[in-house]
Amino acid sequence: MSVVIRMRRTGDPSVLVSEEDVVGVPGRGQVKLRQEAIGVNFIDTMFRSGAFSTDLPFVTGVEAAGVITEVGPETDGFAVGDRVAYFFAPGAYAAERLIDIAPLVHLPADVPSEIAAGLMTKGVTAWLAVKKLHEVKAGDRVLVQGATGGVGTLVTRWAKALGATVVAVGSRSKLARISADADHVLASDEANLADRIRAVVPQGVDVVYEFVGKATFAASVQNVQDRGAIFTIGAASGSPEIDQKVLAARGLKVSHASAAATVTGAMLAQAATAVFDQWRDGIFGEIELQRYRLADAAQAHADYIARKIGTNPILVP
């Protein structure tokens, strides 16, 4: 028997209930995974609340790391005893699970499972931002809206390491987290955000990474230079209102990006390698983990949505 956190209805964190389950044998292209650490992400709360619809009953969670204990047919490249991690494969809140090999990446020996579980989703999304959506290079001017969030912090640090001038905008209470990692750090809750950004980058920025949405989008449009780009990778404050005529007149590119839909296959392996390299080189700084028992997943969600914990909560079976 194995412990799984299952939701049979959507709602507040109390719908996450610990149950015992029998994990079967892996089928074609599958392995059985004994999970050592499970990441907790904002998207998990969206599934749990019903903001993202899904069939019920449902096991939320999209990333984890662990050890393969059994392999099915057609699983070349994976063997019993391999340490692996995965990104965006719903069903993660479980001590053991069956999983297709497609989202799996091998873990280097020096990358702990807990680090991998706390870093994969955020790190892969950051990689997509700075390497694929807009390949950040020395001399670029970059604006990060939501720079104190999990992905925003990694994007801020990675862009700075690549030689960009970085303007980081985030929650006042968390600015200390990135104060040493950006050229300009601004609180998002002060008045006249657009003017304050313009004061530090009067020529405008080349690219904006938007993790906030409605509350900051107007300031982003005002401060990106003509023919620049805005990539919306989240909308914590709701979907932005977009004036297509203004964008067209200025030649601005506005695109929504999803790592889950984009980073797959060989690209996922490439992204994971780059993320672990950045972690190993200290570019991301210390990854501060907040550990909860798997059975306490409901409490982890309650603390997460109440913003009582940092950006890297994990569940430990």
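Above this note sits the structure.
Keep in mind that this is a model prediction, so the values were computed, not measured.

With that settled, the discussion passes to the overall build of the protein chain. Summing up its helical and strand segments, the protein chain has 9 helices and 15 strands in all. With the principal axes as the frame, the protein chain shows a C-alpha extent of 60 × 40 × 35 Å. For the protein chain, the share of sequence-separated contacts (at least 6 apart) that also reach a separation of at least 24 residues comes to 66%. In the form shown here, the protein chain has an accessible surface area of approximately 13,600 Å², with 50% of it arising from carbon and sulfur atoms. In the protein chain, the 31 positive side-chain charges and the 34 negative ones have mean positions that sit 5 Å from each other.

We now examine the pattern of salt bridges. In this structure the tally under the stated criterion is 17 salt bridges. For glutamate 74, the salt bridge goes to arginine 28, with nearest N and O atoms at 2.7 Å. One end of the pair, glutamate 74, is in the loop between β4 (64-71) and β5 (83-86); the other, arginine 28, is in the loop between β2 (17-21) and β3 (30-39), and 46 residues separate them in sequence. By relative accessible area, glutamate 74 is classed as exposed at 56%. In this structure, arginine 172 and glutamate 190 form a salt bridge, with 2.9 Å as the shortest nitrogen-oxygen distance. Placement of arginine 172 in the loop between β9 (165-170) and β10 (184-187) and of glutamate 190 in the loop between β10 and α4 (193-200) is noted, with a sequence separation of 18 residues between them. For arginine 172, a relative accessible area of 45% puts it in the partly exposed group. Connected via shared salt-bridge partners are Arg6, Arg8, Glu19 and Asp21.

Moving on, we get to the side chain of glutamate 210. Along the chain, the position of glutamate 210 falls in strand β11 (residues 205-210). Despite being buried, glutamate 210 has no salt bridge partner; arginine 250 is the closest side chain of opposite charge, sitting 12 Å away. Dropping the residues within four chain positions of it, glutamate 210 is found in contact with Gln145, Thr216, Phe217, Ser220, Ile230, Phe231, Thr232, Ile233 and Gly234.

We now examine the packing of aromatic side chains. Here the structure, examined in full by the defined rule, presents 5 aromatic pairs. Judged by centre distance (5.2 Å) and plane angle (45 degrees), the rings of phenylalanine 47 and phenylalanine 58 are tilted. Placement of the pair is phenylalanine 47 in helix α1 (residues 42-49) and phenylalanine 58 in the loop between α1 and β4, with a sequence separation of 11 residues. Both residues of the pair, phenylalanine 47 and phenylalanine 58, belong to the buried class.

Right, let's talk about the nonpolar core for a bit. Membership of the largest hydrophobic core comes to 52 residues, with the highest contact counts inside it found for Met120, Val155 and Tyr209. Contributions of two or more residues to this core are made by α2 (113-133), β8 (141-145), α3 (150-161), β9, β11, β12 (224-232) and α8 (265-280). The element that contributes the greatest number of residues to this core is α2, accounting for 11 residues. Non-local contacts of valine 155, meaning those with residues more than four positions away in its chain, are made with Ala126, Ala129, Val130, Val144, Tyr209 and Phe211.

What counts, and at which threshold
Residues numbered from 1 in each chain as written. Predicted model: local features only at pLDDT ≥ 70, side-chain atom pairs only at ≥ 80, totals over all residues. Heavy atoms only, no water. Helix = DSSP H or I, 4+ residues; strand = E, 2+ residues; numbered from the N terminus. Contact = heavy atoms within 4.5 Å. Areas by Shrake-Rupley, 256 points an atom, 1.4 Å probe, with all protein chains shown as cover. Lys, Arg positive; Asp, Glu negative; His and termini not counted. Charge placed at Lys NZ, Arg CZ, Asp CG, Glu CD. Salt bridge = Lys/Arg side-chain N within 4 Å of Asp/Glu carboxyl O. Buried < 20%, exposed > 50% of the residue type's maximum accessible area, 1.4 Å probe, protein only. Phe/Tyr/Trp six-rings, centres within 6.5 Å; stacked < 30°, edge-to-face > 60°. Core = buried A, V, L, I, M, F, W, Y, C linked by side-chain atoms within 4.5 Å.

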